[in-house]
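Now for the letters of each chain:
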Amino acid sequence: MTRARSPGCPIGVFDSGVGGLSVLRHIRVQQPHEDLMYFADSGHAPYGDKTEQYVVERALAVTDFLLAQGAKALVVACNTATVAAIKAVRAKYPDLPVVGVEPGLKPAAAATRNGKVGVLATARTLKGDKFLQLREQISAATQAEFLLQPAVGLVNEIEKGDLHAPAIAEMLERYVAPLLEQGADTLVLGCTHYPFVRDGIERVLTEHARNDVTLIDTGDAVARQLGRLLEAGGLLRADGAGTLRAYTTGAAEALAQAFADLLGLQQAVEKVDV
């Protein structure tokens, strides 16, 4: 049994780790009156190398927890979880407003000038049926060619918190350069972690004399869609200063440090066993 939802209830946002903070920052800007809950499932991360069934089970467990805290809506701020599990979440909770994130293939197809779009994402995202169907649909409609590049290990390195680490720089070169060599003039940041290393990606573009490449980050679009769903459901909170609560299945200190490093926030974090 779920609680009655009202505009005063909070919004739940979850990811396998800190990547969803890139979506959270857009939501905080667009919906400053809303109370928010952020859940980092870091004790079970990364999702990208897990089976689809495992990700589904984790997504449902986290959703159950956030609903128990009174969530009126859910943002699955993780590309891998969206691809693997959002259908199961919506099936279990058909009346819950749910927003997922998916690689921005449609805006990338609109932005490309030569029809070649590079997609950086986790291996799980790129193998998911939802992603593959989206790629086929948009390719058929636009004739865009999507060049897929799994960025193995990149999420793990970003989770460590040192965004300027040599290991990240080496990975970005290894994963971005082949897409440039194939002629991509647009790159989709297909994981919510990746906007946090946008500066590093732009350095690779500069080193390859490709400053004309367009980068696609869908966090802003996710926040706009959330606003539309809340308004349609009569759930928008119109006034007051929004609050933020944070939970993690990993180390509370690590998530608190990520809030400080990535969003400039001093945020209390509660460790939970979910």
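These notes cover the structure that comes with them. (Residues numbered from 1 in each chain as written. Predicted model: local features only at pLDDT ≥ 70, side-chain atom pairs only at ≥ 80, totals over all residues. Heavy atoms only, no water.)

1. A word on the overall build of the protein
Keep this limit in mind: Elements are defined by DSSP. Helices are runs of H or I of four residues or more, strands are runs of E of two residues or more, and each kind is numbered from the N terminus. Here the globule rule is a power law, 2.2 Å times the number of residues to the power 0.38, and the radius of gyration is based on C-alpha atoms. Surface accessibility in these figures is a Shrake-Rupley result with a 1.4 Å probe; residues are shielded only by whichever protein chains are displayed. This count recognises Lys and Arg as positive and Asp and Glu as negative, with His and chain-terminal groups excluded. Where a charge sits is defined by one atom per residue type, namely NZ (Lys), CZ (Arg), CG (Asp) or CD (Glu).
The number of helices and strands found in the protein is eleven helices and ten strands. Scaling as 2.2 N^0.38, a compact globule of 274 residues should have a C-alpha radius of gyration of about 19 Å, and the protein matches this with 18 Å. Viewed in the frame of its principal axes, the protein has a C-alpha envelope of about 55 × 40 × 35 Å. With an accessible surface of roughly 11800 Å², the protein has 51% of that area assigned to carbon and sulfur atoms. Here the protein holds 27 positive side-chain charges and 32 negative ones, and the gap between their average locations is 4 Å.

2. Some words on the layout of surface pockets
To be explicit about the condition: With a 1 Å grid laid over protein atoms only, a set of points is called a cavity when a 1.4 Å probe fits there but cannot get out and a pocket when it is open yet has protein on both sides within 12 Å along at least five of seven lines; lining residues have an atom within 4 Å of a point. Grid points are joined across faces, edges and corners, and a volume is the space filled by probe spheres set on the points. As a working rule, the residues Ala, Val, Leu, Ile, Met, Phe, Trp, Tyr, Cys and Pro are called nonpolar, Asp, Glu, Lys and Arg charged, and the rest polar, with Gly in that last group. Start and end points for every domain follow an automatic or database-based domain assignment.
What the largest pocket holds in volume is close to 410 Å³. Every residue lining the largest pocket is counted, 19 residues in all, and those nearest its centre are Glu102, Gly104, Pro107, Thr218 and Ala221. Tallying contributions element by element places helix H10 (residues 219–232) first for the lining of the largest pocket, with six residues. Class assignment for the residues of the lining of the largest pocket results in nine nonpolar, four polar and six charged. When residues of the lining of the largest pocket are sorted by domain, at least three fall in each of domain 1 (11–102 + 219–271) and domain 2 (105–218).

3. Thoughts on the packing of helix H1 (residues 21–30) against H10
Where we set the bar: In this description, a line fitted to the C-alpha atoms serves as the axis of each element, helices being fitted only across the stretch in contact, and the angle between N-to-C directions of two axes falls anywhere from 0 to 180 degrees. Angle categories are assigned with fixed cut-offs, so that under 35 degrees is roughly parallel, over 145 is roughly antiparallel, 65 to 115 is roughly perpendicular, and the rest are oblique. Left-handed describes a crossing in which the near helix is turned anticlockwise from the far one by less than a right angle; the clockwise case is right-handed. Contacts are assigned to residue pairs that have any heavy atoms within 4.5 Å of one another.
Contact geometry of H1 with H10 gives a least axis separation of 8 Å together with a crossing angle of 50 degrees. Taken together, the axes of H1 and H10 lie oblique to each other. The interaxial crossing formed by H1 with H10 has right-handed handedness. Counting all contacts with H1, which are made through Val23, His26, Ile27 and Gln30, the residues of H10 involved are Gly219, Asp220, Val222, Ala223, Arg224 and Leu226. Residue composition of the contact of H1 with H10, by class: five nonpolar, three polar and two charged.

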